[in-house]
Structure formats: structure tokens, C-alpha cells
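Survey of secondary and tertiary structure
What follows is the residue order along each chain.
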Amino acid sequence: MTYQDARPATGLQDAILRHLTYTIGKDTAHATLHDWRMALSYAVRDKIVDSWFVSTRTAYEAGAKRVYYLSMEFLIGRLLGDALVNLRFDAEAKAAVEGLGLSFDAVLHDEPDAALGNGGLGRLAACFLESLSTLACPAMGYGIRYEHGLFRQSFEDGRQIEQPETWLQQRHAWEFERPEAMYRVGFGGHVADQDDRAVWTPAEAVLAEAHDTPVVGWQARWTNTLRLWGARAGDPLDLKRFNHGDYVGAAAAEMLARSISRVLYPDDTTPAGKELRLKQEYFFTAASLHDILRRFDSEHGDIRALPDKVAIQLNDTHPAIAGPELVRLLHDERGLPFDEAVDLARRTLNYTNHTLLPEALEKWPVDLMRHLLPRHMMLIDRIDADHAAHFPARPTPIVADGEVNMGTLSFVMANRVNGVSALHTELVKQTVFADLHALHPERIVNQTNGVTPRRWLHACNPRLSGIITGAIGEGWVGDLEQLSGLEPHLDDAGLQDAIAGAKRANKVDLSNWVSATHGVSLDPDAMFDVQIKRIHEYKRQHLNILEAVALWQAIRANPNAGWTPRVKIFGGKAAPGYVFAKKIIHLINDVARVLNADPVTSPFLKVVFLPNYNVTLAERLIPASDLSEQVSTAGKEASGTGNMKFALNGALTVGTLDGANVEIRDHVGAENFFLFGMTAPEVVARRAVPDHAGQAIAADPRLAAALEAIHQGAFSSDDPNRYHDITGNLRGPDYFLVCSDFTDYWRAQRAVDAAYRDGAHWTRMAALNTARSGWFSSDRTIRGYMADIWGATSLRPGA
Ligand code: 7GP
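Residue indices follow the written sequence of each chain, beginning from 1 at its first position. Per-residue local features are limited, in this predicted model, to residues with pLDDT of at least 70; the limit for side-chain atom pairs, both in listing and counting, is 80 or more; totals at the level of whole chains, interfaces and linings are taken over all residues.

- Per an unreviewed UniProt entry, the recorded name for the protein chain is Alpha-1,4 glucan phosphorylase, and the organism is Roseicyclus mahoneyensis.
- UniProt positions are given in the numbering used here, feature names are shortened, and annotations may be inferred rather than shown by experiment. We quote the UniProt Sequence similarities (unreviewed entry) comment for the protein chain here in full: "Belongs to the glycogen phosphorylase family."
- Under the UniProt heading Subcellular location (unreviewed entry), the entry covering the protein chain gives this text: "Cytoplasm".

Looking at the overall build of the protein chain
- Secondary structure elements follow DSSP: runs of H or I of four or more residues count as helices, runs of E of two or more count as strands, with numbering from the N terminus. Regarding its fold elements, the protein chain presents 34 helices and 24 strands.
- Each radius of gyration reported is based on C-alpha atoms, and the globular scaling rule is 2.2 Å times the count of residues to the power 0.38. Over its C-alpha trace the protein chain gives a radius of gyration of 27 Å, about what one expects of a compact globule, namely 28 Å for 799 residues.
- If you line up the protein chain on its principal axes, its C-alpha atoms span 85 × 70 × 60 Å.
- Residue burial in the protein chain is summarised as follows: out of 799 residues, 51% are buried.
- Relative to all contacts within the protein chain whose residues are 6 or more apart in sequence, the contacts with residues 24 or more apart total 76%. Neighbour density around each residue's C-beta defines its exposure: 20 or more other C-beta atoms within 10 Å make it buried, 12 or fewer make it exposed, and counts between make it partly exposed, where C-beta atoms are placed from the backbone. Remark: residues whose backbone-derived C-beta atoms lie within 7 Å of one another are considered to be in contact.

Focus on the site of the ligand
- Of all residues adjacent to the ligand, which total 19 residues, the nearest are G120, L121, H354, A638 and S639.
- The class makeup of the residues in the shell around the ligand is five nonpolar, eleven polar and three charged.
- Summarising the domain contributions, the shell around the ligand has at least three residues from each of domain 1 (63-78 + 113-374) and domain 2 (453-775). Contact assignment follows one rule, namely that a residue is near a molecule or strand if its backbone-placed C-beta atom lies within 6 Å of it. Classes in brief: Ala, Val, Leu, Ile, Met, Phe, Trp, Tyr, Cys and Pro nonpolar; Asp, Glu, Lys and Arg charged; the others, Gly included, polar. In this document the domain limits rely on a domain assignment from an automatic tool or a database.

Observations regarding the sheet that holds strand β4 (residues 139-144)
- Pairing between strands is defined by DSSP: at least two bridges between them are needed. Spatially, β7-β10-β11-β4-β1-β12-β13-β17-β18 is the arrangement adopted by the nine strands of the open sheet, whose pairing is mixed. A single partner strand is all that each edge strand has here, and the edge strands are β7 (176-187) and β18 (444-446). Going from strand to strand, the sheet's axes swing by 25° on average, the running direction of each strand aside.
- Only the contacting stretch of a helix is used when fitting its axis, a line to C-alpha atoms as for every element, and angles between N-to-C directions run 0 to 180 degrees. Each of β1 (66-70), β4, β7, β10 (204-216), β11 (223-233) and β12 (310-315) touches helix α11 (residues 275-299); the most contacted strand, β7, lies at about 120° to it.

Re helix α3 (residues 33-62)
- Multiplying 1.5 Å by the residue count of a helix minus one yields the expected span of that helix. Helix length check: α3, at 30 residues, gives a terminal C-alpha distance of 43 Å against a target of 44 Å (1.5 Å per residue), a fit within 8%.
- Immediately beyond the C-terminal end of α3, within one or two residues, lies G63, with a positive phi of roughly 60°.

Considerations on the environment of R556
- As for its placement among the helices and strands, R556 is situated in helix α23 (residues 541-557).
- Among the residues examined, R556 registers 12 C-beta atoms within 10 Å and is labelled exposed.
- Separated by 44 residues in the primary sequence, R556 and V600 have C-alpha atoms spaced 6.7 Å apart.
- Here R556 is in contact with V600 and T601, once residues within four sequence places are set aside.

A word on the packing of α23 against helix α24 (residues 579-596)
- Relative to each other, α23 and α24 sit at 20°, their axes nearing to 10 Å. When the axes of α23 and α24 are compared, the pair comes out roughly parallel. With respect to the hand of their crossing, α23 and α24 are arranged in left-handed fashion. In this structure, α23 contributes Q541, H542, I545, A548, V549 and W552 to the contact, and α24 contributes I584, L587, I588, V591 and L595.
- For the contact of α23 with α24, the per-class residue count stands at nine nonpolar, two polar and no charged. The cut-offs work like this: below 35 degrees is roughly parallel, past 145 is roughly antiparallel, 65 to 115 is roughly perpendicular, and the gaps in between are oblique. Helix crossings get a hand from a simple test, with the near helix turned counterclockwise from the far one by less than a right angle marking a left-handed crossing and a clockwise turn marking a right-handed one.

Side note on the nonpolar core
- Counting 232 residues, the largest nonpolar core has F283, V549, I588 and V591 as its most contacted members.
- Per element, the largest residue contribution to this core is ten residues, and it comes from α23.
- The contact partners of V549, leaving out residues within four places of it in the chain, are V591, A706, A709 and I710. We define the nonpolar core as any set of buried residues of the types Ala, Val, Leu, Ile, Met, Phe, Trp, Tyr and Cys, connected via C-beta atoms lying within 7 Å of each other.

Details of unusual backbone geometry
- Positive phi outside glycine occurs at A136, with the angle close to 55°.
- Topologically, A136 is positioned in the loop between α7 (120-134) and β4.
- Notably, D316 is not glycine yet its phi reads approximately 65°, a positive angle.
- In this structure, D316 sits in the loop between β12 and α13 (322-333).

The following block contains the structure:
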């Protein structure tokens, strides 16, 4: 019997009131919004727990192969709305909450956004967990329970200000503490040789304590666990010092230990060269592997069956130390011969690469590694020597120039290595891992990213979701390819009107919210043109704002030329240490201030930078977007996943042939996608042209004028030189080829304008984007991993 069949008749209001009284300890007269939200969450959680137990038991009884997803980041966002939708409980919950005299929306929005990730890599991990549950694949996510997630962003005079994010200040409704699942993780110390066995004696140790969050799949078909590790001191209080009155000193060990799980490193694509970061990586990887082996031992006898019963996925190189750690556990601690330990580890581990940016490929100084993880460094040297001995003709050293290359280590220790879009995987083969690919031609496979349709269409866009269900039934929510069934209905004028009406209503909602929260009024009939993602030069937010400046100048020169009204909306955080990216934010805010105050141009062009972009804001923006900006320099964006969410919600893309844009365009049709810019090979060739930026500027007076206005301080009259580093960069090296792609970007944007003026045609193109985006479900991606990488099966036949 599954949980679905066993679901009892609801008494949700009773359950909420019971939790309010007996779990929170409040009566209705004194309950705050927060108390109500917690009471509802606990009532919902109870229902998930029923499904959780069934899943756990089923996996155990089947002796099924387990999948473990190790990730430094899980950008999960809010959980209540998602859980309600997946339990098919949302309508009932709304009625119950409103019946208690509360606003359902206010209750949902009381939940803090769990931002335990930076961007795409972390959000992908969250979508994957949900799909693993939907597909009933027995799996577990492992990560760190950061006390502070990604920083909170605000603007002061247009500059980014970072403040700590405090999502755990309130009680966390979804987690279960598991003090019984606690492991010691050691650092430093020395290695001794005892009876031909290496014995590592760490100098210090911290405890990893498990906190479990159930992740419920669509229709509560299955529930997996996200296990996050918190760090605690091995010996929390030095009583001797305490009794001598040294209270601070007595708690020092506790503070030091806890620092390991205190903050998420706020870097996207740049490694933090910090000892603490390496400690975080080893901390969660070691605890997870201990836990995995403990579970394996409890179910199976022979450790040699490990690769048949366990598949471990390393989400980028952050958990790459899993290779040597697993070898250490098998060889040092369980006494398997070294070669066999390496072989078992390699057949168990897999590695996903998420970026080709050289600055993001992790390398750790050998000295630091030896100091922090002396035994692992010895094992890395041995693995390295072993690999070199097998392939003497083509050296691909793990350790070189005094550094450990974590990408090479991950590759050498993996059964499968995958890229995250077709183009990216080809580039992985041709560039970073070309030599290793030649040695192991079967190892690299592609798994194009996907997004969960539950959160990213069904829950965040109820209007469109309802229309789709009305037209083709609701099977699409669990099987997104069914969206193609919409296509034959698209000639039905009623359906087109409904789709256009839903988009407009979403835009009205967004406009009302922007006006209420940020005091900017937006015209819902203008095109909503949105770029939301981390701020990075390769993502080229500066190309977008440069085009805004050029457009502003063009409108001023000729206000009556029939311009298509447009609102450019930006959102995204810059890494606190990334000075250039922070300058781009400042520039966008400065340009916004000037343009929005211009009475001649503002009816046609506005610019808004919404602060503190996060999962919740994405859920608000994407359903209300007409145009999706995916304008990275070709060859730089590994995949993108925002691009998929926009297409699914009926926004058209203006984009380059980069990452998954290529596959999106193939699916939705070239005629429903605004392509511009150089291809990846053209980018490489162009970069070799001397003064490519100068040539591009000389050939395009619009580009020259826009750059000059920024340079002259048209948007920074208080400090006219403020943007000289940006204009200097663009006129000079322009590594990301903003200038060389500008002219074609302008052309594509004017084609967008013309298309938008034909409302019926635009709606049809938008609807075709939705109807043809079914392939971009993370369910499809996870099926690919299960079949090609993990050898895992679904425990619900037909799922
Ligand atoms: C991102 C990539 O930039 C993005 O293109 C991709 O869609 C996403 O991963 C998921 O695969 N990378 C990161 O977020 C990141 O931090 C550093 O990469 C390793």
C-alpha cells in the first residue's frame, strides 16, 4: 500500500490547531503569523512523514541501489508551497487557513527563503532532489547546514551592500535533528606506519551532526531525504577553564568547530582560496561517506558489492576529496588492497562539471593539503603515480606546480564524468579534459540540465498551469513531455486569449508588487524584458545595459518613431569580492535613475534592478516575463537553467548559441527564438583579432555613443569618472566580447520589438515555447543519470 492510498480524510484545521497548541504552545488569541505558519508547516510535515516511512521501508526491503548526491550547495528556497502542491493539498490548505481568518498568501510568504547556494549549481541540486523523489529513485542529498546562507543584498546609492542572511533565526519547520547520526571528522596531525598499515592521528576533530529534511515528490509518490551536516566541537566545553572563570576561552573549541558550518562561501565560479573552505569540503564529504558506508554495512555483507549498491554523484569538484577519502576508508580502515580500494571507489563515484571558467577550477596548494589532510595527500600522490604508470605516453598529473588539481582528481577517480548541456560536454572533451578524454574516451557523457515543472510552472504560475490542464488534462505535471499535446489546440482563439490573459494578469501582479515594495510604477502593457542570474562579466549584464543606453539615446533623438514600450528588469548578486561585477550593478542602478526620470523616454523604456534576487523572486518574475535575456559569451555558460524556466513559462529568448540555449532553440524552433552573436568557435577566433573592440566600436556609431555617454558621466554626474574602468575594459581587452556582439544584439532586439507589436503572433510564439519545452524537465535529466551513470531503478513501476 502506498501513502496515496492510505491518505486519511483531512482534518487540516484540527491538525493546525493541535500543533499550535501542543507543539508551539500558543493559543489562537496570542498566535503570531509565524506561529500559524509553523503550525501549518508541522501539520503538512506530518503528512510527508507518512510517505517518508513508506519510501524508506520500500527501499530497504527491495535492497535497492542507493544514489547519493554530494553537493556544497542546495538552493532550495521556500518549502511549504512546494510541499502543499506535491501533496495535492494546496486547495485544502488555502481553505483551512482562510477559514481560520488568515491570509494564505501572508502565511506562505512568512517562510524564509533557504538560500544554501549561490546560483545554478545549487538550484540544480534542489530540482534534482525533487525529481529523484518524483521518480521514486531511492536517493539522499548530502550537504552543509549553513547557519548563514547567501548574503542579503540591498542597494545604497546604487551600490550593492551585503548583509548576513539569517534564515535559521526562526525555527526551521522542516528538519529533524538526528543526534544519533554523528561522526568525528579529523584534521591535521600525522600519519604513522603500524604493521604496514597507515594510521592517521588527526590533531583536531569536529563532530558532524545530521539534520534531515524530507523531500516529497509529485503526488507524494515517494519521499527522499536531504541530510545536512552541522559542525560541533568534539568536546564542547573546557570545564577546567570554565571553572577558572575563563568563559570565553572555555567555549573556544566550540566556536572554532562551529565556524565550519557557519557561512556559505558567496562565490559563484571562483574558488575561495581559504583553508576554511577546504575544511568545509572535507567535513561534509567525510561525514557523508561514513554515513553511506554505515548504511551499506547495515544492509549488505560484502564491501566488494559497493559499486552495485551505491552510486555517488559529486556536484562539481567541491566534494572531490571523496576519492582519496573512500580509498582511505577501504584500504586503511578495512584493509582492502590499495588497487582494489581504488577500483571500488572509482566504480562508485561520478563527477559533474559545471563550468569551464579557468578561475573556477579548484586547485589546492599541496602544502595546505598536507597540513590539513596528510593521509589524503599521500593517497593522492599514490593515485597520481598509479595513473601515470598506466598511461606513461600522455601525462595528466593530478599534482603539478605545487597544487592539487581537483578536476583531474575527480576525473581520475570517477566512473562517469558529465557536462550539463550538449555544447558544454563537447567543450569539456575538447578543452579542460582533452588529454584525459583521449585516455578514457568512454568516461565523459552528457546530461543536459532540467528544472522541476512542479515548482517552475505548476506552483509558480497557477494561471498558465490551470489553462494547460484545462486543455490537455493534468498528466503534464508529472510527465512534462505531454505539453506537446497543447500544440494542436493553439489555433483555438479561445486558448490563445486565455494564455495572453494569464500573462497579462501575472504582469499586473508583478507591477503591483514592484510599485508597493519599490515605489516604481510599471506599465503591464510594456514588454517585460528580464535578466536574472548571478552578476558576472561572462553573463554580460553590461551588454544589456549598454543596449538600454543606446536605445535611450535613439528614443531621445526620435521620440515619435513608434517605439515598443519596454521595461528592463534586472536581478542578481555579485560576489562581494568581485569589484567589476559590483561596478556593473552600480552602473545599472545609475542608468535606471536617469532613464526613469526622463519624461521623453520613460513611457518607452524603464530600467529596474530588483534587490536581493532569490528563488522566491524568481518565482514571481518568471511567470510575468515576456523576454528572457540569455546573452553570455558563447562557450562560457555551461548550461543555464533559468533559460529553461522562462521558455516553459512562455517567455521568448534573446540569446547566444551558448549552453542549453542551443538545445532550447532546437526544441522551440529557430523562428520562436531571437538568436544573435558569435558562436563558440567564432568567439575564439575573434579574440585573436588585434583591437577587436576598437574595430567594433568604430563600425557602430550607436555603440560608440553609448560608451561615450557612460564614460563622460551621463549617469554619474556626482562622479563622472566612476565607470572608466568599465569603459576602459570594453574599449580595450574586452575579453567577453561585449563590443563585438553589440551590433548583432541591437539588431536582434529591434526584431524583438517588431515581433512584440504583433500581439497575436507573439502569444503564439510564446505558447509554442511552452508547448515545446517538455524535454527540459529535471525528470528527464534524472532518468538520464539513472540509466547512463548510476544504474539505478525506480521503485515505482511506470514512474
Ligand atoms: C552553473 C553554471 O554556470 C550554469 O551554466 C549551469 O546551468 C549550472 O551551474 C548548473 O549546471 N555553475 C555554478 O553555479 C557554479 O558555481 C562553479 O559553478 C563550479
